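Okay, here's what each chain looks like letter by letter:
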Amino acid sequence: MNAFAKSACALALMLASASAPAWEPTKPVEIVVAAGAGGASDQMARMMQAAIQKNNLMKQPMVVSLKGGASGAEALMYMKSSDGDPNKVLIAYSLIYMLPLAAKIPFNWRDLTPVSVIAMDQFVLWDNTTLPYKNVKEFIAAAKAANPPFKMGGTGSKREDQVVTAFIEKKTGAKFAYLPYKSGGEAATQLVGNHTASNVNNPSENLEVWRAGQVRALCVFDTERISYKAKVTDTQSWSDIPTCKEEGLDVQYLMLRAMFLPGKVSPEVTAFYADLFKKLTQTPEYKDYMEKQALKPVFLTGKDMVTFLEEEDALNKNLMIEAGFVEK
């Protein structure tokens, strides 16, 4: 082959390489939800599914798969058993730290591939509007005097909702009968029906029943108020809800919303999904959802995400130990 032919061949190879498409899914992508229908994770997954399709962010469709069995362990083990599968993505929350400790299942979030943190979720103390307790002080005083104890509804056992409940007990001396439900949606229904006296649902899980005037938002478990100022009910916005610390209850807890792939996927696959979820956070649907559901918009990926996960892992382990849900 002469010099000209060699040069032409090299140029052709370079052009072919430059024009080769980056990795992308060739079949529907399963977004795995470690919770039941109607909860915050299910709602977020369906928002993502719709926003990605509407804005043509991915050629293949995204299919929501609910795997809330065994308090979410079903989803974690399903993902762990899917090493190398680029068509499954988990929408994760703090159960990735808590459930392996509480249930002693053979899972560690490091078994999976971190992609991105896309939001932070807050918790609110709610009671039923038919009850006479209109603020935290009145509610806690009644809870301390109650016999039998007030029933506190929540999602799952030895997880975020029960940890928050345990810290309310430690801070106040009140005792609650904690009732675990399959989802935040079910916990909301039980509160509306007066089968429980309160719950600590995420804002999105009690949104519709709050708007309907059936439940009362007593305080938010954060260091600052929720930022959104548009009216949600006839009289209140999210920012009108005081922090629990403002109300004399010094308890704070935030929960991540993060995306994970199975283990042993290629860097190209991870890069595709990190880019996909970054684009998602820029869509009108995501921004609208963040406000309507009172979520904190956040985006972390790469080393920043791993550093964040390591810190959160240590924090949640300490909380679980302090709440008495796991041995030191």
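As a convention, each chain's residues are numbered from 1 in the sequence order in which they are written. Local features in a predicted model are, by the rule used here, given only for residues with pLDDT of at least 70; side-chain atom pairs are given and counted only at 80 or more, and totals for whole chains, interfaces and linings are based on all residues. Remark: hydrogens and water are excluded; side-chain values derive from all non-hydrogen atoms of the structure.

Engineer: Tell me about unusual backbone geometry, residues and numbers included.
Structural biologist: Following asparagine 147, the chain continues to proline 148 via a peptide bond in cis, the omega torsion being 5°. Among the secondary structure elements, proline 148 is positioned in the loop between α5 (136-145) and β6 (150-155). Notably, serine 71 is not glycine yet its phi reads approximately 60°, a positive angle. For the purposes of this entry, the term helix denotes a DSSP run of H or I that reaches at least four residues, the term strand denotes a run of E that reaches at least two, and both are numbered from the N terminus. Mapped onto the secondary structure, serine 71 falls in the loop between β2 (62-66) and α3 (73-80). Here serine 71 falls in the partly exposed class, since its relative accessible area comes to 33%. A positive phi angle, near 60°, is found at lysine 264, a position not held by glycine. Residue position: lysine 264 is located in the loop between β10 (254-261) and α9 (267-280). The buried label goes to any residue with under 20% of its type's maximum accessible area, the exposed label to any with over 50%, and the partly exposed label to all in between, with areas taken from a 1.4 Å probe on protein chains only. On the accessibility criterion, lysine 264 (71% relative accessible area) is exposed.

Engineer: Outline the state of the cysteines, supporting the account with residue identities and numerical values.
Structural biologist: Each disulfide consists of one covalent bond between the sulfur atoms belonging to two cysteines. Two cysteine sulfur atoms make up a disulfide if the distance between them is within 2.5 Å. Counted by the stated rule, this structure contains 1 disulfide. Across the disulfide, cysteine 219 is cross-linked to cysteine 244 (sulfur-sulfur distance 2.1 Å). Around the S-S axis, the bridge from cysteine 219 to cysteine 244 shows a dihedral of about 80° and counts as right-handed. Linking cysteine 219 in strand β9 (residues 215-220) with cysteine 244 in the loop between β9 and β10, this pair joins segments that are 25 residues apart in sequence.

Engineer: Go over the sheet that holds β9, please, and point to the residues and values.
Structural biologist: Pairing in this open sheet of 5 strands is mixed, and the strands run β7-β6-β8-β5-β9 from one edge to the other. Two strands lie at the open edges of the sheet, namely β7 (176-181) and β9, each paired on one side alone. As paired strands, strand β5 (residues 124-128) and strand β8 (residues 198-199) are joined by 2 bridges and run antiparallel to one another. Of the residues in β8, the one forming a bridge with tryptophan 126 is asparagine 199. Two strands qualify as a pair provided that DSSP identifies no fewer than 2 bridges between them.

Engineer: Summarise the environment of leucine 249; cite the residues concerned and give the values.
Structural biologist: Among the structural elements, leucine 249 can be located in the loop between β9 and β10. With 29 residues separating them in the primary sequence, leucine 249 and lysine 278 have C-alpha atoms 36 Å apart. We call two residues in contact whenever any of their non-hydrogen atoms come within 4.5 Å of each other. Excluding anything up to four places from it in sequence, leucine 249 contacts Val136, Ile168, Lys171, Thr172, Phe221 and Cys244.

Engineer: Mind laying out the side chain of threonine 196, listing which residues take part and the relevant values?
Structural biologist: Checked against the element boundaries, threonine 196 lands in the loop between α7 (184-192) and β8. If near-sequence neighbours (up to four positions away) are discounted, threonine 196 is found in contact with Lys151, Gly153, Leu179, Tyr181, Gln190 and Leu191.

Engineer: Could you give an account of the layout of surface pockets, with specific residues and numbers?
Structural biologist: Cavity and pocket criteria rest on a 1 Å grid covering protein atoms alone: a 1.4 Å probe that fits but cannot get out defines a cavity, protein on both sides within 12 Å along at least 5 of 7 lines defines an open pocket, and an atom within 4 Å of a point defines a lining residue. Grid points are joined across faces, edges and corners, and a volume is the space filled by probe spheres set on the points. Reported here for the largest pocket is a volume of approximately 160 Å³. The wall of the largest pocket is formed by 15 residues, among which Gly68, Ser71, Gly72, Tyr181 and Lys182 lie closest to the centre. Three categories are distinguished: nonpolar for Ala, Val, Leu, Ile, Met, Phe, Trp, Tyr, Cys and Pro, charged for Asp, Glu, Lys and Arg, and polar for the others, with Gly belonging to the last. Looking at the lining of the largest pocket, its residues break down into 5 nonpolar, 8 polar and 2 charged.

Engineer: Outline the pattern of salt bridges, supporting the account with residue identities and numerical values.
Structural biologist: Whenever Lys or Arg places a side-chain nitrogen within 4 Å of a carboxyl oxygen from Asp or Glu, that contact is recorded as a salt bridge. Scanning the model with the defined rule gives 18 salt bridges in all. Aspartate 275 serves as the salt-bridge partner of lysine 279, at 3.1 Å between the closest nitrogen and oxygen. Here aspartate 275 and lysine 279 lie together in helix α9, a separation of 4 residues that amounts to about one turn. Salt bridges linked by common partners bring Arg110, Glu310 and Asp313 together as one network.

Engineer: I'd like a description of the environment of proline 284, backed by residues and values.
Structural biologist: Along the chain, proline 284 turns up in helix α10 (residues 284-292). Residues proline 284 and asparagine 55 lie 229 residues apart in sequence; the distance between their C-alpha atoms is 9.5 Å.

Engineer: Break down the sheet that holds strand β4 (residues 113-122) for me, citing the residues and quoting the values.
Structural biologist: Spatially, the 6 strands line up as an open sheet ordered β2-β1-β3-β10-β4-β11, and their pairing is mixed. Only two strands of the sheet have a single partner each, and these edge strands are β2 and β11 (296-301). If you compare each strand with its neighbour and ignore which way they point, the axes differ by 20° on average. Taken together, the 8 bridges between β4 and β10 define a ladder with antiparallel strand orientation. Pairing of serine 116 across the sheet is with methionine 259, part of β10. Here helix α2 (residues 40-54) sits on the sheet and contacts β1 (29-33), β2, β3 (88-92), β4 and β10; the angle it forms with β2, its principal contact strand, is near 170°. Geometry is summarised by axes, namely lines fitted to C-alpha atoms with helices restricted to the contacting stretch, and by angles between N-to-C directions that run from 0 to 180 degrees.

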